Amino acid sequence: MKPVSNWAAVTAFSLAIAGCVTINIYFPAAAAEKAADRIIDEVWQLKPEAATKEGAPSR
Amino acid sequence: MKSVWKAVFVVSLLSATLATAQGNLEVDTPAISAIKSSMSQRHAQLAPLYASGAVGLKSDGSLAVHDANAVPLAQRGKLNALVAAENNDRAALYREIATANGHPEWAGDIRNTFAQRWIDKAPGGWWVEGSRGWARK
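Residues numbered from 1 in each chain as written. Chains lettered and ligands numbered in written order. Predicted model: local features only at pLDDT ≥ 70, side-chain atom pairs only at ≥ 80, totals over all residues. Heavy atoms only, no water.

## Regarding the confidence of the model for chain A
Residue and element names in this part refer to chain A.
Moving on, step 1. Per-residue confidence for chain A gives a mean pLDDT of 74, with 59% of residues at or over 70.
Moving on, step 2. Of all helices and strands in chain A, the one with the weakest mean pLDDT is helix H3 (residues 49-52) (47), whereas helix H2 (residues 29-44) scores best (96).
Moving on, step 3. This model gives residues 49-56 a pLDDT under 50, and the stretch forms 7 contacts once residues within four places in sequence are excluded. (pLDDT = per-residue confidence, 0-100. Helix = DSSP H or I, 4+ residues; strand = E, 2+ residues; numbered from the N terminus. Contact = heavy atoms within 4.5 Å.)

Right under this line is the structure:
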């Protein structure tokens, strides 16, 4: 493996920190919308459940 | 010293990936499943009430009696009970999703998201509450 430069390490570290901060502070609107769509489809039986599982396009 | 940086690099990259991979909300807890099945069972009774306009979708993610005259007098008590039970479940659902994801304070945002999606997905003919009051889709 190639030696990792300090800069790469620092960049990755900041990325990690930024990721944590983002996840913890902001409401994940897109994820919430996806979750809502899945649950509404199930409750209203709009689609067969298998189709609503993973990666179903929202429209 | 070099190996320390390498370790920092690897760990950070992993956690950055994890953090960004959280594109989904946790919605598969036993509590949420229980609420969902209770709601889908109730939906069989609610569906005709949505269609007749007796019940409408409010802009705050709950249900309301929109036109009580659409059901016979004798069944109005049942209508109110159904709406109240559904609203209890919906409030619990929004709260449970928020807590399941470690952020009870998200319940309001989750409620707003659902409110919009219930209305968007409602079939034509149902009554929904918009910014200018009730309207038939």
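## Thoughts on the packing of aromatic side chains
Moving on, step 1. With the rule as written, the count across this model stands at 7 aromatic pairs over all chains.
Moving on, step 2. Consider the rings of A:Trp44 and B:Tyr50, whose centres lie 6.2 Å apart with planes at 70°: the pair is edge-to-face. Here A:Trp44, found in helix H2, pairs with B:Tyr50, found in helix H2 (residues 30-52), and the two come from separate chains. For the residue pair A:Trp44 and B:Tyr50, the accessibility class agrees, reading buried in each case.
Moving on, step 3. With centroids separated by 5.2 Å and ring planes inclined at 50°, the aromatic side chains of B:Tyr94 and B:Phe114 adopt a geometry described as tilted. Of this pair, B:Tyr94 sits in helix H3 (residues 76-100) while B:Phe114 sits in helix H4 (residues 107-121), and the two are 20 residues apart along the sequence.
Moving on, step 4. Judged by its relative accessible area of 1%, B:Phe114 falls in the buried class.
Moving on, step 5. Ring pairing ties together the aromatic residues A:Trp44, B:Tyr50, B:Tyr94, B:Phe114, B:Trp118 and B:Trp126, which thus form one cluster.
Moving on, step 6. A cation over a ring is seen here: B:Arg90 above B:Trp118, with NZ or CZ 3.8 Å from the ring centre. (Phe/Tyr/Trp six-rings, centres within 6.5 Å; stacked < 30°, edge-to-face > 60°. Buried < 20%, exposed > 50% of the residue type's maximum accessible area, 1.4 Å probe, protein only. Lys NZ or Arg CZ within 6 Å of the ring centre and 35° of its normal.)

## Considering the sheet that holds strand E4 (residues 133-136) of chain B
By way of backbone hydrogen bonds, the strands of a sheet pair with one another, either parallel or antiparallel.
All names here are of chain B.
Moving on, step 1. What the 4 strands build is an open sheet, ordered E2-E1-E3-E4; its pairing is mixed. Unpaired on one side and paired on the other, strand E2 (63-65) and E4 mark the two borders of the sheet. Each strand of the sheet is rotated relative to its neighbour by a mean of 40°, with strand direction disregarded.
Moving on, step 2. When strand E1 (residues 55-57) meets strand E3 (residues 127-130), the two strands line up parallel, connected through 2 bridges. Within the sheet, the bridge partner assigned to Leu57 lies in E3 and is Val128. (Pairing = 2+ DSSP bridges. Axes fitted to C-alpha atoms, helices over the stretch in contact; angles between N-to-C directions.)

## What about unusual backbone geometry?
Moving on, step 1. The residue A:Gln45 is not glycine, and still its phi comes out positive at about 50°.
Moving on, step 2. Along the polypeptide, A:Gln45 turns up in the loop between H2 and H3.

## Some words on the pattern of salt bridges
Moving on, step 1. Tallied over the entire structure, the rule returns 8 salt bridges over all chains.
Moving on, step 2. Residue A:Glu42 is joined to B:Lys36 by a salt bridge in which the shortest nitrogen-to-oxygen separation is 3.1 Å. Of this pair, A:Glu42 sits in helix H2 while B:Lys36 sits in helix H2, on two different chains.
Moving on, step 3. Among the residues examined, A:Glu42 registers a relative accessible area of 17% and is labelled buried.
Moving on, step 4. Residue classification places B:Lys36 among the buried positions, given a relative accessible area of 8%.
Moving on, step 5. Notably, a salt bridge pairs B:Arg117 with B:Asp120, separated by 2.8 Å at the nearest N-O pair. One end of the pair is B:Arg117 and the other is B:Asp120, both in helix H4 and 3 residues apart, which spans about a single turn.
Moving on, step 6. Each of the salt bridges in this network shares a partner with another, and the network as a whole consists of B:Arg42, B:Glu86, B:Asp89 and B:Arg90. (Salt bridge = Lys/Arg side-chain N within 4 Å of Asp/Glu carboxyl O.)

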